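Read off the chains here:
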Amino acid sequence: LAGVAVAAWLSLGQVGALAEQTGNNRVPQLMRIASVELNVSRVSLQIRHSILVKTPADLAATLADIGAKRKLIEDAMAAFEKSLFTPAGRQAFEKIKPLAATFWEFGGQNIQLIQEGKKDEAFEFLVTKTIPARNALHALLDAEKQRQNKLLEEELAQVKGDALFVRAELVALVSAVAIGLLAFSLYISGVLRRRVVASQQVAERVRDGDLTQAV
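Bear in mind that the values here come from a model prediction, so they are computed numbers and not experimental data.

### So, the confidence of the model for the chain
In regions of low pLDDT, the predicted coordinates are not meant to be interpreted in detail.
So, point 1. Here the chain averages 86 in pLDDT, and 90% of its residues register 70 or above.
So, point 2. Put simply, helix H1 (residues 2–52) is where the chain has its lowest mean pLDDT, 82, and helix H2 (residues 56–82) is where it has its highest, 93.

### Some words on H2
So, point 1. With 27 residues, H2 should cover 39 Å at 1.5 Å per step; its first-to-last C-alpha distance of 39 Å lies within 8% of that length.
So, point 2. Of the residues making up H2, those classed as buried are Leu59, Thr62, Leu63, Ile66, Lys69, Ile73, Ala76, Met77 and Phe80.

### Thoughts on the nonpolar core
Side chains that are nonpolar tend, in soluble globular proteins, to be buried together.
So, point 1. Ranked by internal contacts, the top residues of the largest apolar core, which has 30 residues, are Val36, Val43, Ile73, Met77, Phe103 and Leu137.
So, point 2. Contributing elements (two or more residues each) for this core: H1, H2, helix H3 (87–115) and helix H4 (119–214).
So, point 3. It is H3 that provides the largest number of residues to this core, a total of 9 residues.
So, point 4. Contacts of valine 36, omitting those with residues within four sequence positions, involve Ile73, Ala76, Met77 and Leu141.

### A few points about the pattern of salt bridges
So, point 1. Applying the stated criterion across every chain yields a total of 8 salt bridges.
So, point 2. With its nearest N and O atoms 3.4 Å apart, the salt bridge here joins glutamate 116 to lysine 118.
So, point 3. Judged by relative accessible area, which is 44%, glutamate 116 ranks as partly exposed.
So, point 4. For arginine 147, the salt bridge goes to glutamate 144, with nearest N and O atoms at 2.9 Å. With arginine 147 and glutamate 144 both in helix H4 and 3 residues apart, this pair spans about one turn of that helix.
So, point 5. Arginine 147 sits in the partly exposed class, given a relative accessible area of 23%.
So, point 6. Classification of glutamate 144 as buried rests on a relative accessible area of 3%.
So, point 7. Taken together, the shared-partner salt bridges connect Glu37, Asp142 and Lys145 into one network.

### A word on the packing of H2 against H3
So, point 1. One can describe the packing of H2 onto H3 by two numbers: an axis separation of 12 Å at closest approach and a directional angle of 170 degrees. Between H2 and H3, the angle falls in the class roughly antiparallel. Where H2 approaches H3, its residues Leu59, Leu63, Ile66, Arg70, Ile73, Met77, Phe80 and Glu81 are matched on the opposing element by Phe93, Ile96, Lys97, Ala100, Trp104, Ile111, Ile114 and Gln115.
So, point 2. The residue makeup of the contact of H2 with H3, split by class, is 12 nonpolar, 1 polar and 3 charged.

### So, H3
So, point 1. Taking 1.5 Å as the rise per residue, H3 with 29 residues should run 42 Å; its terminal C-alpha atoms sit 42 Å apart, in good agreement.
So, point 2. Glycine 117 lies just past H3 and shows a positive phi near 80 degrees.

### Regarding the environment of isoleucine 73
So, point 1. As for its position among the elements, isoleucine 73 is in helix H2.
So, point 2. Overall, the relative accessible area of 4% leaves isoleucine 73 in the buried class.
So, point 3. When the C-alpha positions of isoleucine 73 and lysine 97 are compared, they lie 12 Å apart, and in sequence the two are 24 residues distant.
So, point 4. In this structure, isoleucine 73 is in contact with Val36, Asn39, Val40, Val43 and Trp104, ignoring residues within four places of it in sequence.

### So, the side chain of glutamine 29
So, point 1. Locating glutamine 29 in the fold gives a position in helix H1.
So, point 2. Residue glutamine 29 is classed as buried on the basis of its relative accessible area, which comes to 1%.
So, point 3. When residues no more than four places from it in sequence are discounted, the contact partners of glutamine 29 are Ala79, Phe80, Ser83, Leu84, Phe85 and Gln148.

So, how was this worked out
Residues numbered from 1 in each chain as written. Predicted model: local features only at pLDDT ≥ 70, side-chain atom pairs only at ≥ 80, totals over all residues. Heavy atoms only, no water. pLDDT = per-residue confidence, 0-100. Helix = DSSP H or I, 4+ residues; strand = E, 2+ residues; numbered from the N terminus. Expected span 1.5 Å × (residues − 1). Buried < 20%, exposed > 50% of the residue type's maximum accessible area, 1.4 Å probe, protein only. Core = buried A, V, L, I, M, F, W, Y, C linked by side-chain atoms within 4.5 Å. Contact = heavy atoms within 4.5 Å. Salt bridge = Lys/Arg side-chain N within 4 Å of Asp/Glu carboxyl O. Axes fitted to C-alpha atoms, helices over the stretch in contact; angles between N-to-C directions. Parallel < 35°, antiparallel > 145°, perpendicular 65-115°, else oblique. Nonpolar A, V, L, I, M, F, W, Y, C, P; charged D, E, K, R; others polar.

Encoded structure:
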């Protein structure tokens with residue numbers, strides 16, 4: 001039973017460690033990538049919207065929203081970088097960072113053209129510079145998301161496989177203990193039966209001896 005307890009503790013500890021890594025690292029990283037990807041799309045759409053607005057108030061609101069989205073992106077990128085835990089993830093991030101910087105550089109120039117009232121130039125810049133920069137960034141973000149998704153699926157499959165193995169291992173160990181206890185009980189029962197028989201024989205001999213002496 002102590003062996004079963006130790007085996008269960010070690011096996012379930014490994015499963016728990018992998019599940020904890022998946023839950024605390026892999027899933028949040030995927031969520032951060034998705035957040036960056038979504039907000040980059042929203043920023044590009046808001047830049048386009050800022051070209052189309054008619055009033056200064058609408059323009060100010062749109063630019064304020066772009067600023068808020070930029071903060072969300074920068075916070076997600078910072079959290080992603082801080083939580084990197086594999087060399088492959090670090091390599092991917094090193095490729096994403098410069099493309100993000102390029103996107104914001106072009107986005108800033110786009111916004112400056114809009115604020116100067118050069119809407120035609122701003123739209124041309126959006127089409128030729130900002131959107132291609134966004135698409136390049138999206139391509140790397142999507143590649144990293146797919147890589148993380150694949151690793152997540154592999155880790156979940158491993159957790160499931162390890163859990164099934166632990167279950168089979170525990171069933172086998174408990175069955176072995178049960179068989180051992182049954183064999184032990186049969187052995188003890190046999191010993192007791194033999195001792196009872198021996199005691200009966202001794203008692204019978206004593207009784208027969210007593211009867212002989214009495215005659």
